[in-house]
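Structural characterization, general
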Amino acid sequence: MSNIPANTDKESKKGWGAGTKILLGILGLVAIICVIAIVTLTVAVIDSQTGTSFPYSTSYRVSLPDGEPVTIGNTKIIVLVMSDGVDTSVDGSKEKLAVGQERVISPHFARITALGIPLIDTDFQITLKYLGSSGNNALFDMTIKTSKQIPEMVLRRLIPANMNAQPN
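Notes on the structure follow. (Residues numbered from 1 in each chain as written. Predicted model: local features only at pLDDT ≥ 70, side-chain atom pairs only at ≥ 80, totals over all residues. Heavy atoms only, no water.)

1. Digging into the nonpolar core
One finds F140 and M142 to be the most contacted residues of the largest nonpolar core, which totals 29 residues. Breaking this core down by element, the ones donating at least two residues are strand 2 (56-65), strand 3 (70-72), strand 4 (75-82), strand 5 (85-90), strand 7 (102-114), strand 8 (117-134), strand 9 (137-146) and helix 3 (152-158). Leave out the neighbours within four places in its chain, and M142 touches T58, S59, Y60, V62, I72, I126, T127, L128, I159 and M163. (Core = buried A, V, L, I, M, F, W, Y, C linked by side-chain atoms within 4.5 Å. Buried < 20%, exposed > 50% of the residue type's maximum accessible area, 1.4 Å probe, protein only. Helix = DSSP H or I, 4+ residues; strand = E, 2+ residues; numbered from the N terminus. Contact = heavy atoms within 4.5 Å.)

2. Remarks on the environment of P55
You can see P55 is positioned in the loop between strand 1 (42-47) and strand 2. With 94 residues separating them along the chain, P55 and Q149 place their C-alpha atoms 8.4 Å apart. When sequence neighbours within four positions are dropped, the list of residues in contact with P55 reads T146 and S147.

3. Quick look at the packing of aromatic side chains
Here a ring pair, both rings aromatic, is described through the centre-centre distance and the interplanar angle of the planes. Applying the stated criterion across every chain, the model contains one aromatic pair. Summarising the aromatic geometry, the rings of Y130 and F140 are spaced 5.4 Å apart at their centres and angled 55° between planes, so their arrangement reads as tilted. Taken together, the residues Y130 in strand 8 and F140 in strand 9 connect sequence positions 10 residues apart. In terms of burial, Y130 and F140 fall into one category: buried. (Phe/Tyr/Trp six-rings, centres within 6.5 Å; stacked < 30°, edge-to-face > 60°.)

4. Overview of the pattern of salt bridges
Overall, the coordinates contain five salt bridges when judged by the stated rule. Where D84 meets K96, a salt bridge forms, and the shortest distance between an N and an O atom there is 2.8 Å. Placement of D84 in the loop between strand 4 and strand 5 and of K96 in strand 6 (residues 93-97) is noted, with a sequence separation of 12 residues between them. You can call K96 partly exposed: its relative accessible area is 39%. (Salt bridge = Lys/Arg side-chain N within 4 Å of Asp/Glu carboxyl O.)

Worth remembering: the numbers are spatial, not functional.
Printed below as a string of structure tokens:
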């Protein structure tokens, strides 16, 4: 015979043990901290020095609304669709593009923080290649090149929703 008493129905209906409750509490706390970190994820952008290399790149197909300002980081872009191309204004600097031409936007520096804690510092550069127009939008292939590898979720924080960015 064994000295270990058999579980009675009363004991098995008690619920979770203390260890299980502590583990669930810790998992809940970690989940709450992760959600807060994602919500407080910020990207601060300033001008960058030249001479930085950009070994990492991510490409998107984007559409910029005709005549409406779009801000990527702290760069303000306005496009005006014309019959023979598109006029682009990047921070007041104007340039006309035909289909297939590229516009390289000067490099910038970004500091990515969560919960107020700096996570990643990187330099980045954006290149827009004009693809043509569709209705009241100018279509571009946009490439974001970075000096450090950045998760795509963070890069998306730079891109405004009205650009309808789709990964290439």
